[in-house]
Amino acid sequence: MPVIVIASPKGGAGKSTTAVLLGTELAHAGAPVTMLDCDPNRSLTLWSQRGTVPAGIEVLSGVTEAEIVRTIKPLDQDGQVVIVDLEGVASRLVSRAISQADLVITPMRATTLDATIGARALALIAEEEETLDRRIPHAVVFTMTKGVRSKQHVGIEHSLRRQGVDLIEPALMERVAFSALFEFGGDLRSMPPQGNMEAAIGNAAGFAQAVYGRLVGEPGR
Amino acid sequence: MSEERPFAIDLGRLKTREKPSDAASLRAADERAAGLGFVEREPQGKRGRKPSPRTDQVHAKVLPPIATEIAAEARRRGVVQGVLIEEMWQLYKDKSGI
Ligand SMILES: Nc1ncnc2c1ncn2[C@@H]1O[C@H](COP(=O)(O)OP(=O)(O)OP(=O)(O)O)[C@@H](O)[C@H]1O
Ligand SMILES: [Mg+2]
């Protein structure tokens, strides 16, 4: 089942990186994962061709607006996970993917620009909840965060919390291993060591576990 | 590799949930989304301008301040931004001995 849609109209917010980290970590933890590459720039497809796609993961490429709902439907079954990666634009494809989501994750860097544009995804989710008369769980994850959080980061975090936005912890820190996924393909465990691998794997696994908790109804704080 | 898993997933707990996907619901959602600027953005067959003959275009997304600097420099020299990227690539190749 759970259909996880990674959405932000902000380009370069870290959507595809989040999708690959989540997909590979959930697969490593034992879930069959289908990843839908809905971005005409084909980031996920390029990742899948770079190295060996880890066991338990299937990547479907080039899913368009007309196909998205009927592509998701048959995959939306108990005991498996679907992850949808979207282009960083405001499109009907994004809104249709969200209509089929069990969880929408909006990655954003802790900058005012990312937060402002990312908020458009949150507004869209609210409208869809009303139109479709169903709750669409959603959460924000900060990406490319630094060891020491900037004032701007703290401010944005406070403001999102005040608005009742669910923030996924741990955030995805800026790490060479994460950007190297698109260079080597595969997952963090198959990649030649890049920086502090243990910390990178711990970060990605902790994030995936926090997402899993939300899928099975154990929301974060 | 079968090193220990940081956490394990209980597949029995991953349950599917009903979601409306009938044409009327989707149309209503499309309309609301369009009101927020989430509109159709797929290439429209043959309409409009022919694609540029210069293939393999790079569509780099860079930080806004850098984009502004690159755009300003291209304007100053009267070249397209791709020319700057071609020059940067040459410098990069020289530097890394490719
Ligand atoms: N946590 C991170 N650590 C290091 N680099 C990162 C991290 N997250 C993203 N990046 C890098 O930032 C760039 C943009 O990330 P990514 O492609 O994931 O963004 P995106 O939101 O999918 O972009 P688009 O809107 O173009 O699809 C990439 O070069 C990626 O390697
Ligand atoms: Mg992407």
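The structure under discussion appears in the preceding block.
This text gives an overview of the structure that appears in the document.

Conventions adopted
Residues numbered from 1 in each chain as written. Chains lettered and ligands numbered in written order. Predicted model: local features only at pLDDT ≥ 70, side-chain atom pairs only at ≥ 80, totals over all residues. Heavy atoms only, no water. Buried < 20%, exposed > 50% of the residue type's maximum accessible area, 1.4 Å probe, protein only. Helix = DSSP H or I, 4+ residues; strand = E, 2+ residues; numbered from the N terminus. Pairing = 2+ DSSP bridges. Axes fitted to C-alpha atoms, helices over the stretch in contact; angles between N-to-C directions. Parallel < 35°, antiparallel > 145°, perpendicular 65-115°, else oblique. Left-handed = near helix turned anticlockwise from the far one by under 90°. Contact = heavy atoms within 4.5 Å. Nonpolar A, V, L, I, M, F, W, Y, C, P; charged D, E, K, R; others polar. Near = heavy atom within 4 Å. Polar contact = N/O pair within 3.5 Å; in protein donor to acceptor, adjacent residues only side chain to side chain. Areas by Shrake-Rupley, 256 points an atom, 1.4 Å probe, with all protein chains shown as cover.

### Describing the pairing of strand β1 (residues 3-6) of chain A
Residue and element names in this part refer to chain A.
For step 1, the next point in the chain: Of the two faces of β1, the one holding Val3 and Val5 and the one holding Ile4 and Ile6 are both buried throughout.
For step 2, the next point in the chain: Where β1 meets strand β4 (residues 81-85), four bridges bridge the pair, whose relative direction is parallel. Directly across from valine 5, in β4, lies its bridge partner valine 84.
For step 3, the next point in the chain: Here β1 pairs with strand β5 (residues 103-109) via three bridges, running parallel. Its bridge partner being in β5, isoleucine 4 is matched across the sheet by leucine 103.

### Remarks on unusual backbone geometry
All names here are of chain A.
For step 1, the next point in the chain: Here the residue pair glutamate 169 and proline 170 is connected by a cis peptide bond, since its omega of 0° sits within 30 degrees of zero.
For step 2, the next point in the chain: Mapping proline 170 onto the fold places it in the loop between α6 (151-162) and β7 (172-173).
For step 3, the next point in the chain: One non-glycine residue, aspartate 133, lies in positive phi territory at about 55°.
For step 4, the next point in the chain: Secondary-structure assignment places aspartate 133 in the loop between α5 (112-132) and β6 (138-145).
For step 5, the next point in the chain: Positive phi is not limited to glycine here, since methionine 144 has a value of about 55°.

### A look at the packing of helix α4 (residues 92-99) of chain A against helix α1 (residues 23-35) of chain B
For step 1, the next point in the chain: Direction vectors running N to C along α4 of chain A and α1 of chain B enclose 130°, while the axes themselves pass 10 Å from each other. Taken as axis vectors, α4 of chain A and α1 of chain B run oblique relative to one another. You can see that α4 of chain A and α1 of chain B cross each other, and the crossing is right-handed. On α1 of chain B, the residues touching Arg92, Ser95, Arg96 and Ser99 of chain A of α4 of chain A are Leu26, Asp30 and Ala33 of chain B.
For step 2, the next point in the chain: Residues belonging to the contact of α4 of chain A with α1 of chain B are distributed by class as follows: two nonpolar, two polar and three charged.

### A closer look at the site of ligand 1
For step 1, the next point in the chain: Among the 18 residues in the neighbourhood of ligand 1, the closest are listed as Gly14, Lys15, Ser16, Thr17 and Met173 of chain A.
For step 2, the next point in the chain: More than one chain lines the surroundings of ligand 1; the residues nearby belong to chains A and B.
For step 3, the next point in the chain: Take serine 16 of chain A: an N or O atom from its main chain is 2.8 Å from an oxygen atom of ligand 1.
For step 4, the next point in the chain: Methionine 173 of chain A has a polar backbone atom sitting 2.8 Å from a nitrogen atom of ligand 1.
For step 5, the next point in the chain: Relative to its unbound accessible surface of 630 Å², ligand 1 loses 79% to contact with the protein.
For step 6, the next point in the chain: A breakdown of the residues in the shell around ligand 1 according to their chemical character gives five nonpolar, seven polar and six charged.

Keep in mind that these numbers describe shape and distance, not what the molecule does.
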